[in-house]
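Here's the letter readout for the chains.
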Amino acid sequence: MYCSKCGSALTEKQPSCPACGHPAGKSPLLNAGVAAEQTRFDRIIRRLSGYWVLFAALNLVLGAAGYFIGPVGAAAHTGPYEPWPHPPLWNWTLALDVVWILLASRVVLSLLAAWALNERFPWSRPVVFLAGAAAITQFPIGLVLGAYTIAVLFGKHRAAMYAHQP
């Protein structure tokens, strides 16, 4: 450890610098830098929460469009090869149910991530990581949002900053 005023070497137990008498400890400039970094991180978390709400809204809009446009496309006759044989265990009704379940779960997970980022519950970081991993599968917007979310929250330093309440 070194004196923040004159740069002389100090031991951990010295209360002040023997060369200049300056009190040992963290520099006020260092504390200001940490506070500024925490403020920047809090701003990023608030912005990220808004992105998750927008992502949920986008998924709702795309789901509504699919709900109204899907039957029109399914009713169209595609050519002389229709109807083709479908696998017996997997019919198209089941496929549409799976799509709606995935869409609903993506919207719920996105809104849960936004809420968790705002409130910073102890369980919220793993939920946001899960939402980011699920969003990566939706190219291109989900990929960018998921990767950005994971990059912002990853690491021990970021975990400590995230645990600090604004």
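Residues numbered from 1 in each chain as written. Predicted model: local features only at pLDDT ≥ 70, side-chain atom pairs only at ≥ 80, totals over all residues. Heavy atoms only, no water.

Enquirer: When you look at helix α3 (residues 124–135) in this model, what are you seeing that I'm missing?
Expert: Structural remark: α-helix, 3.6 residues per turn; residues separated by three or four positions point the same way. When the terminal C-alpha atoms of α3 are compared, their 16 Å separation across 12 residues agrees well with the 16 Å that a helix rising 1.5 Å per residue should span. Of all the residues in α3, the buried ones are S124, R125, V127, V128, A131, G132 and A135. Seen from one end, α3 has its buried residues packed into an arc of 160 degrees, which puts them on one side. In α3, the exposed positions angled more than 90 degrees off the buried face are occupied by P126 and L130. (Helix = DSSP H or I, 4+ residues; strand = E, 2+ residues; numbered from the N terminus. Expected span 1.5 Å × (residues − 1). Buried < 20%, exposed > 50% of the residue type's maximum accessible area, 1.4 Å probe, protein only. Arc of directions from axis to C-beta.)

Enquirer: Hey, could you run me through the side chain of N59 in this one?
Expert: Along the chain, N59 turns up in helix α1 (residues 28–75). A residue is classified by how much of its surface remains accessible, and N59, at 2% relative accessible area, is buried. Discounting residues that sit within four places of it in the chain, N59 has contacts with L103, R106, V107 and Q138. (Contact = heavy atoms within 4.5 Å.)

Enquirer: Sorry, what's going on with the nonpolar core here?
Expert: When a protein is soluble and globular, its nonpolar side chains tend to lie buried together. Counting 18 residues, the largest nonpolar core has F41, I45, W52, L117 and L153 as the members making the most contacts within it. For this core, the secondary-structure elements that each account for two or more residues are α1, α2 (92–119), α3, α4 (141–153) and α5 (156–163). Apart from residues lying up to four places away in sequence, W52 is in contact with S110, A113, A114, L117, A131, G132, A135, L145 and T149. (Core = buried A, V, L, I, M, F, W, Y, C linked by side-chain atoms within 4.5 Å.)

Enquirer: Can you help me understand the confidence of the model for the protein in this one?
Expert: Interpretation of this model should avoid reading the predicted coordinates in detail wherever pLDDT is low. Per-residue confidence for the protein gives a mean pLDDT of 83; residues scoring 70 or more make up 77%. The least confident element of the protein, judged by mean pLDDT, is α1 at 85; the most confident is α4 at 96. (pLDDT = per-residue confidence, 0-100.)

Enquirer: Explanation requested: the packing of aromatic side chains in the structure shown.
Expert: To describe a pair of aromatic rings, you give the distance between the ring centres and the angle between the ring planes. Overall, the coordinates contain 6 aromatic pairs when judged by the stated rule. Arranged with centres 5.7 Å apart and planes meeting at 90 degrees, the rings of W52 and F55 form a pair that is edge-to-face. Of this pair, W52 and F55 are both found in helix α1, 3 residues apart, which corresponds to roughly one turn of the helix. By the burial criterion, W52 is buried, and F55 matches it. Joined through ring pairs, the aromatic side chains of Y67, F68 and W100 make up one cluster. (Phe/Tyr/Trp six-rings, centres within 6.5 Å; stacked < 30°, edge-to-face > 60°.)

Enquirer: Where do I start with a nonpolar patch on the surface in this structure?
Expert: A grouping of Y67, F68, I69, L96 and W100 is seen on the molecular surface, where their side chains present a nonpolar patch of about 590 Å² in accessible area. When residues of the nonpolar patch are traced back to their parent elements, those giving at least two are α1 and α2. For the nonpolar patch, the element with the most residues is α1, which contributes 3 residues. With respect to the helices, strands and loops of the structure, Y67 is situated in helix α1. (Patch = residues over 30% accessible without salt bridge, like charges linked within 9 Å, V, L, I, M, F, W, Y side chains within 5 Å. Areas by Shrake-Rupley, 256 points an atom, 1.4 Å probe, with all protein chains shown as cover. Salt bridge = Lys/Arg side-chain N within 4 Å of Asp/Glu carboxyl O.)

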